[in-house]
Amino acid sequence: MDVKIEPSWKAVLQDEFDKPYFELLTRFVRKEYETQAIYPPAKLIFNAFDLCPFDRTKVVIIGQDPYHGYGQAHGLCFSVNDGIPFPPSLINILKEIEDDLHIPSPKSGNLERWAKQGVLLLNATLTVRAGLAGSHQQKGWEEFTDSVIKKLSDNREGLVFMLWGSYAQRKGLVIDKNRHLVLQAVHPSPLSAYRGFLGCKHFSQANVYLQKRGEAPIQW
């Protein structure tokens, strides 16, 4: 199947695109966009990949579902378009960055600036119906994103994986911890952030690790 995605990812993932499950997933998603309000906009489904090529990825952050409110989702986990109020989890992420790195909290919740530096902001499920969280789960996206994580783990060296919450940690079981830095904490949701996300210092740890490997740190 010919999927419109950034060329380095296309080369790495072509075997997934050719599998029967991905054809079934594509049919399902196409019909959903034709008949329902779906987020993100169709042209932004693979935005995380398009902004962060396979060979330039340095950090991977794993989310679950795209935001399901109007105008929020644009293909990057935890990120929202400019002008959109910050969702609670994003507020806590930016608070942790401010406390960890002692820098002012950014005014924008659009995390494209991270993606362009090599941060893959990967949701486990890449599409969702408006107002219906989890509505596109168990349709094939999870198998696809599991493969993305495995290919990064097996074919790259020295990546940082940030796994927040039990869902992301289960998806991260395929990561080779001898080849990569795996940072784990509870989810940044207000329901759990005060039990260990706030104060986890993942952002400074990631930068120290990257710099030890001779890589430029991320400007969070």
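1. Things to note about the overall build of the protein
And then number 1: Each helix and strand counted, the protein has eight helices and six strands in total.
And then number 2: The linear arrangement of helices and strands in the protein, starting from the amino end, is α-α-β-α-β-α-α-β-β-α-β-α-β-α.
And then number 3: For 220 residues, the compact-globule formula gives about 17 Å, and the C-alpha radius of gyration of the protein, at 17 Å, lands near that figure.
And then number 4: Projecting the C-alpha coordinates of the protein onto the three principal axes gives extents of approximately 45 × 35 × 25 Å.
And then number 5: Across the 220 residues of the protein, 52% fall into the buried class.
And then number 6: By element, 53% of the accessible surface of the protein is carried by carbon and sulfur atoms, the whole surface being about 10,200 Å².
And then number 7: The averaged location of the 24 negative side-chain charges in the protein is 2 Å from the averaged location of its 26 positive side-chain charges.

2. Let's talk about the packing of helix α4 (residues 88–101) against helix α8 (residues 202–212)
And then number 1: α8 packs onto α4 with a crossing angle of 60° between their chain directions and a minimal axis gap of 8 Å. The orientation of α4 with respect to α8, classified from their angle, is oblique. Counted together, I93, E96, I97, D100 and L101 of α4 and H202, F203 and S204 of α8 form the full contact between these two elements.
And then number 2: Of the residues that constitute the contact of α4 with α8, the class distribution is four nonpolar, two polar and two charged.

What counts, and at which threshold
- Per chain, residue numbering runs from 1 following the sequence as it is written.
- The model is predicted, so local features are restricted to residues of pLDDT at least 70 and side-chain atom pairs to those at 80 or more, both for listing and for counting; the totals for chains, interfaces and linings are taken over all residues.
- Hydrogen atoms and water are omitted, and side-chain values are computed over all heavy atoms in the structure.
- Going along the chain from the N terminus, every DSSP run of H or I of four or more residues is numbered as a helix, and every run of E of two or more is numbered as a strand.
- Radius of gyration means the value over C-alpha atoms here, while the globule rule gives 2.2 Å times the residue count to the 0.38 power.
- Accessibility here uses a 1.4 Å probe with only protein chains present; expressed as a share of the type maximum, an area under 20% marks a residue as buried, one over 50% as exposed, and anything in between as partly exposed.
- Accessibility throughout is a Shrake-Rupley quantity obtained with a 1.4 Å probe, and a residue counts as covered only by protein chains that appear here.
- We treat Lys and Arg as the positive residues and Asp and Glu as the negative residues; His and chain ends play no part in the count.
- A charged residue contributes its charge at one atom only: NZ of Lys, CZ of Arg, CG of Asp or CD of Glu.
- Whenever a helix is involved, its axis is fitted only over the stretch in contact; in every case the axis is a line through C-alpha atoms, and angles between N-to-C directions fall within 0 to 180 degrees.
- Note on angle classes: values under 35 degrees are labelled roughly parallel, values over 145 roughly antiparallel, values of 65 to 115 roughly perpendicular, and the remainder oblique.
- Any two residues whose heavy atoms approach within 4.5 Å at even a single point are treated as in contact.
- For this scheme, ten residues count as nonpolar: Ala, Val, Leu, Ile, Met, Phe, Trp, Tyr, Cys and Pro. Four count as charged, namely Asp, Glu, Lys and Arg, and the remainder, Gly too, count as polar.

Limitation: the analysis is restricted to geometry and does not speak to function.
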